[in-house]
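Listed below, chain by chain, are the residues.
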Amino acid sequence: MVDRLVNSELNTRRIASVENCFGSSGVPLAVPGRVLVGEGVLTKMCRKRPKSRQFFLFNDILVYGNIVIGKKKYNKQHIMPLEEVSLESIADNQQYHNGWYIRTTTKSFVVYAATSTEKQEWMAHINKCVEDLLRKSGKKPVENHAAVWVPDAEASICMHCKKTQFTFVQRRHHCRNCGAVVCAACSSKKFLLPQQSTKAQRVCDGCYDRLRHTPATGAAGHANDTDASERSGSKLNDSSNDDDTDEETNSPPAETHDEPRFYGDNSVLSAHDDSTT
């Protein structure tokens, strides 16, 4: 589907346009063989509240960032290798519709599309790119992924001890292994989760106990754990703000919704010519 776009001038211009929109806040995206497959706005479920994010699907990576000026400027660029990506549909509820999980080894989250059709298009295109990439590389799908964090609003008390009430003073923390919202007392330890980081990460007491007794070859964690009491008085980093700094920035005012654009098939290419860039 996208092979004929690899060396096309149109694809080169599209990628250059994406790079220009990120400016100095992003990294170069033009590499041999890379194709921009699609782009559009999705609602990302962030730690505090849902926020609009601009997504770009390439044949080997998924890129997203904050919208500073719609279609003109983005920042806080995040790049997710498609070889690590796994998707899972989410059933609609009273508050949110057309959502699915995007999971990788280092970060996982929920996104929502504006319509069910857009959800189907996004998931189909991403899955196709992942399948093609794995087939060409001969690699197997990644099995262990980072946990999806429970949004702050869904936990008024610690999800581990079921007692501690969260307040301005008693802050929320997230377990990096299961994603639960827990209090400081219930997440006083760290454990090395190699797929997420080279440094030990904050985990809840329940996960810490399980990970310590799980063989390293079959666990998401690693046997080299770090207890807070063993680090010569050093303190755990506060987890309230160390996810993504973009989680704390405001989204721009809502604009008229534009449907996502996908460039990998004839119907889309015939409908969107050079004006897409």
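Scroll up to find the structure this text is about.
On a predicted model such as this, the values are computed, not experimentally measured, just so you know.

About the thresholds
Residues numbered from 1 in each chain as written. Predicted model: local features only at pLDDT ≥ 70, side-chain atom pairs only at ≥ 80, totals over all residues. Heavy atoms only, no water. Helix = DSSP H or I, 4+ residues; strand = E, 2+ residues; numbered from the N terminus. Buried < 20%, exposed > 50% of the residue type's maximum accessible area, 1.4 Å probe, protein only. Contact = heavy atoms within 4.5 Å. Areas by Shrake-Rupley, 256 points an atom, 1.4 Å probe, with all protein chains shown as cover. Polar contact = N/O pair within 3.5 Å; in protein donor to acceptor, adjacent residues only side chain to side chain. Phe/Tyr/Trp six-rings, centres within 6.5 Å; stacked < 30°, edge-to-face > 60°. Lys NZ or Arg CZ within 6 Å of the ring centre and 35° of its normal.

*Asks:* Looking at this structure, I do not really get the overall build of the protein chain. What am I missing?
*Replies:* Along the protein chain, the regular secondary structure elements total 4 helices and 13 strands. When each of the 277 residues of the protein chain is scored for burial, the buried share is 44%. Sequence separation of 24 or more characterises 55% of the internal contacts of the protein chain that already satisfy a separation of 6 or more. When the accessible area of the protein chain is evaluated, it comes to approximately 14600 Å², of which 49% is carbon and sulfur surface.

*Asks:* Is there a simple way to think about unusual backbone geometry in this case?
*Replies:* Glycine aside, the phi torsion of most residues is negative, and most peptide linkages are trans. Here K71, not a glycine, exhibits a phi torsion of approximately 65°, which is positive. With respect to the helices and strands, K71 occurs in the loop between β3 (61-69) and β4 (73-81). By relative accessible area, which is 59% here, K71 ends up exposed. A positive phi is found at N98, a non-glycine position, where the angle reads about 60°. With respect to the helices and strands, N98 occurs in the loop between β5 (86-90) and β6 (99-103). N98 gets classed as buried once you look at its relative accessible area, which sits at 10%.

*Asks:* Can you walk me through the environment of K119 in this structure?
*Replies:* Checked against the element boundaries, K119 lands in helix α2 (residues 116-137). Taking relative accessible area as the criterion, K119 reaches 11% and is therefore assigned buried. Considering only alpha carbons, one finds K119 and N98, 21 residues apart in sequence, at a separation of 5.9 Å. Setting aside chain neighbours within four positions, we find K119 in contact with S89, I90, N98, G99, W100 and A113. One polar contact links K119 to S89, side chain to side chain, over a distance of 2.7 Å.

*Asks:* Explain the packing of aromatic side chains to me, please; I cannot follow it from the model alone.
*Replies:* How two aromatic rings sit relative to each other is given by the distance of their centres and the angle of their planes. Per the counting criterion, the structure on display carries 9 aromatic pairs. A centroid spacing of 6.1 Å and a plane angle of 65° characterise the contact between F22 and F56, whose relative ring orientation is edge-to-face. Here F22, found in helix α1 (residues 9-22), pairs with F56, found in strand β2 (residues 50-58); they are 34 residues apart in sequence, far enough to count as distant. Judged by relative accessible area, which is 3%, F22 ranks as buried. F56 gets classed as buried once you look at its relative accessible area, which sits at 1%. Ring geometry for F22 against Y74: centres 5.7 Å apart, planes inclined by 55°, an arrangement best described as tilted. Of this pair, F22 sits in helix α1 while Y74 sits in strand β4, placing them 52 residues apart in sequence. One aromatic cluster is present, built from ring pairs that chain together F22, F56 and Y74. Here the guanidinium or amino end of K189 rests over the ring plane of Y208, the centre of that ring lying 5.5 Å away.

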